[in-house]
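# Fold and contact review
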Amino acid sequence: MMSMPIVSPAALRRTLQAFERIVGPDHVYADVEGRHGYTDAFSPFDDPAAQEPLAAVAPASAEEVQAIVRIAAEQGIALWPISRGKNFGYGGASPRIPGIVMLDLVRMNRIIEVDPDMGYAILEPGVGFDDLYHYLIDHRIPLWTSAPAHTWGSVVGNALERGVGYTPYGEHAAQVCGLEVVLPTGELVRTGMGAMPGSKAWPLFKYGFGPSWDGMFMQSNFGIVTKMGLWLMPEPEATLNLSMSLPRVEDLPAAIDALRPLKVSGVVQANPSFGNAIRTLATRNIRSSYWDGKGVMPQDALDAAAAKAGIGQWNFSVRLFGYEKVNEFNAGLVRDAFAKAVKVDFKESRWHRGEDLRHSGSPVPSLSVLRIVDWLGGPGGHLTFSPISPFRGDEAWKQYQTTRALYERHGFDYYGGFTAGERYLNHITMIVFNRDDAEMTARARTLFKALIATAAANGWGEYRTHIQWYDQVAQTYSFNKGALGRMNQAVKDALDPKGILAPGKMGIWPRRYRENG
Amino acid sequence: MAILLMLAAAAAQVPPDGHALFNERCGGCHLQGGFGTMAIARSHSGEPALLAERHPAADLVRAVVRNGFRSMPPIRRAELDDATLGRIASYLAEGGK
């Protein structure tokens, strides 16, 4: 743990007064109620308010962000940016440490441009998935969004955190093309072609001239993204969905190995996700409606609940997007591949352009998945543990067994699923607990530490983690005595000499925090 | 025709009413089948579970929205300003009318 620079009341007062002159007094929040919104609503800690910021400021433009950053640098007051604050399971709207001022970008919610022919949007960080969805519908633009499980969050924030969705554009970070960024000195830069005045290819060509920097501003604390170019998928002529419920837990490796060549070759372009039975059951009702016991839900109770609900031990869909004839041809390849691997048939459904989008695979706005946090009755909390696995059945099976055993040894149901990337699996699991049960939340924290250590011992790294475990996960990326961490620090010190932007984000601490420590 | 156009312009400037605001900002969880509606149904068995039918006091709505309650996260002023929240709270206090 680093030592935190102390902010004097006089410096804070001066800073907030300056912020009020920039954004107006209605958009600076320093009272108890105003600060309280910047907590982790699903926190595994007994007193999430201990992380509360000193205040918050909500700018409406990149120019206001620049002015705020310059003041913060002058006064030595750290800022913690959030886009919409819906990073649930990873810390929500909370900062990593108290003693900072939140930079709340939710008012910067302009959809600056959408090009239907080129298939891109230029967005500010406050634009939600719902906002973009409705904009495209209202303006009859035949492009689709890609969204994660719930659609409350920021399109920009999610892509910067490398979130995933379930269309062929589901690897969101890969769709980013061009950023506008306020550096920690207040300077405004544009990456790629955006650096050339008059260029018309900023959201079209990702690389520009010389080093390419979009990736540097993802999962980092090197700058504040104020605009993002994002490629959007043209509305397909049709989609064809093949869904399958695997009756046995041990069917997973064969199904994964059946899918791999279809993903690597590009036959399947979306990201099928193999979710366990609890993942499906929890979206429908709380656990006591299926089994009213204590401790881990036994396998026989889970089998009975799954059978009654008509679901399998693993449930997934392979959805094909594109021209109807191509989809039908590719569906044959998918059927053939799985017929050799498992003894279950797909259930099939089809959507054609013009029909109800709810059956299309387009991520229509929904918050229904949030109800999983009440699996144990609530008030719900959850921690997301998400290691990457190679796209191989045997490796995924080992990771699943290891992870589930740890969950159950600590008294928690294993809730998880493997989402298919092109050559990897993203194993997203959730520790669901009741926040008003101190013993249970303590156990959740102990489990989380054990998961990180055990995964690292097996060579499995997390792709993203909760704010309070940034340091532990960063330390597992320790090749050559932590060379990557040292490089991150060097970049941090060069770009953020005053050490004011998101201290501790992803385990990257500014020099003044390291030296105080 | 001119009068009709003027009326249309005036209508376009009227801020959305409490009902429309509630549906837009709270409907993701508090309409039929939503997470919030299901949670209320569990904790208040036998009572209406739809917020628009519960007549909650406006101050209670404001407090829950700003502080969060059970599994509902707090909603910040930056994303829902006090005036808009006030219109939603009044709409709910008046029984969804």
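Residues numbered from 1 in each chain as written. Chains lettered and ligands numbered in written order. Predicted model: local features only at pLDDT ≥ 70, side-chain atom pairs only at ≥ 80, totals over all residues. Heavy atoms only, no water.

## What about the overall build of chain B?
Looking only at helices and strands, chain B has 5 helices and 0 strands in total. Counting from the amino terminus, helix and strand elements in chain B follow one another as α-α-α-α-α. Looking at chain B as a whole, 39% of its 97 residues qualify as buried. In chain B, 46% of the contacts between residues at least 6 apart in sequence involve partners at least 24 apart. As displayed, chain B offers around 5500 Å² of accessible surface, 63% of which is attributable to carbon and sulfur atoms. (Helix = DSSP H or I, 4+ residues; strand = E, 2+ residues; numbered from the N terminus. Buried < 20%, exposed > 50% of the residue type's maximum accessible area, 1.4 Å probe, protein only. Contact = heavy atoms within 4.5 Å. Areas by Shrake-Rupley, 256 points an atom, 1.4 Å probe, with all protein chains shown as cover.)

## Thoughts on the sheet that holds strand E5 (residues 111–115) of chain A
Residues and elements named next belong to chain A. Sheet architecture is open: 5 strands sit in the order E5-E6-E10-E8-E9, paired in antiparallel fashion. Across the chains shown, the open sheet's two edge strands, defined by having one partner strand only, are E5 and strand E9 (188–190). Geometrically, the sheet is characterised by an average inter-axis angle of 10° between neighbouring strands, direction not taken into account. The pairing of strand E8 (residues 176–182) with strand E10 (residues 224–231) spans 5 bridges and is antiparallel. Residue pairing in the sheet places Glu 180 in a bridge with Lys 227 of E10. Its contacts with the sheet place helix H4 (residues 129–138) against E5 and strand E6 (120–123), and it is angled at close to 50° to E5. (Pairing = 2+ DSSP bridges. Axes fitted to C-alpha atoms, helices over the stretch in contact; angles between N-to-C directions.)

## Details of the side chain of Lys227(A)
All names here are of chain A. Among the secondary structure elements, Lys 227 is positioned in strand E10. For Lys 227, the side chain forms a polar contact with the side chain of Glu 180, separated by 2.9 Å. When residues no more than four places from it in sequence are discounted, the contact partners of Lys 227 are Ala 62, Arg 110, Ile 112, Ile 122, Leu 123, Gly 178, Leu 179, Glu 180, Arg 190 and Trp 202. (Polar contact = N/O pair within 3.5 Å; in protein donor to acceptor, adjacent residues only side chain to side chain.)

## A closer look at the packing of aromatic side chains
Residue and element names in this part refer to chain A. According to the stated counting rule, one finds 20 aromatic pairs over all chains in the structure shown. Pairing Tyr 407 with Tyr 414 gives two aromatic rings, centres 5.8 Å apart and planes at 80°, and the pair type is edge-to-face. On the basis of relative accessibility, which here comes to 0%, the residue Tyr 407 falls in the buried class. When its relative accessible area of 2% is taken as the criterion, Tyr 414 is described as buried. (Phe/Tyr/Trp six-rings, centres within 6.5 Å; stacked < 30°, edge-to-face > 60°.)

## Description of a nonpolar patch on the surface
All names here are of chain A. There is a patch of nonpolar side chains on the surface, built from Met 118, Leu 204, Phe 205 and Tyr 207 and spanning about 400 Å² of accessible area. Looking at the element boundaries, Met 118 is found in the loop between E5 and E6. What makes Met 118 exposed here is its relative accessible area of 51%. (Patch = residues over 30% accessible without salt bridge, like charges linked within 9 Å, V, L, I, M, F, W, Y side chains within 5 Å. Salt bridge = Lys/Arg side-chain N within 4 Å of Asp/Glu carboxyl O.)

## Things to note about the sheet that holds strand E2 (residues 55–57) of chain A
Residue and element names in this part refer to chain A. The 4 strands are arranged E1-E2-E4-E3 in an open sheet whose pairing can be described as mixed. Pairing within the sheet leaves two strands with one partner each, and these edge strands are strand E1 (28–29) and strand E3 (79–82). On the sheet, helix H3 (residues 62–75) packs against E2, E3 and strand E4 (101–104) and is oriented at approximately 155° with respect to E3.

## Overview of helix H6 (residues 252–264) of chain A
Residues and elements named next belong to chain A. An ideal rise of 1.5 Å per residue puts 18 Å on 13 residues; H6 measures up with 18 Å between its terminal C-alpha atoms. Of the positions making up H6, those classed as buried are Leu 252, Pro 253, Ala 255, Ile 256, Ala 258, Leu 259, Leu 262 and Lys 263. Gly 266 occupies a position one or two residues after H6 and carries a positive phi of about 90°. (Expected span 1.5 Å × (residues − 1).)

## A short note on helix H9 (residues 324–339) of chain A
Residue and element names in this part refer to chain A. Counted at 1.5 Å a residue, the expected span for H9 with its 16 residues is 22 Å, and the 22 Å between its end C-alpha atoms agrees. By the burial criterion, the buried members of H9 are Asn 327, Asn 330, Ala 331, Gly 332, Val 334, Ala 337 and Phe 338. Here the buried face of H9 lies against strand E12 (238–246), H6 and strand E14 (314–322).

## So, the packing of helix H2 (residues 18–30) of chain B against helix H5 (residues 82–93) of chain B
Residue and element names in this part refer to chain B. Two elements in contact, H2 and H5, have axes whose closest approach is 8 Å; the angle formed by their N-to-C orientations is 110°. If you check the angle between H2 and H5, you find them roughly perpendicular. Judged by residue contacts, Gly 18, His 19, Leu 21, Phe 22, Arg 25 and Cys 26 of H2 engage Thr 84, Arg 87, Ile 88, Tyr 91 and Leu 92 from H5. (Parallel < 35°, antiparallel > 145°, perpendicular 65-115°, else oblique.)

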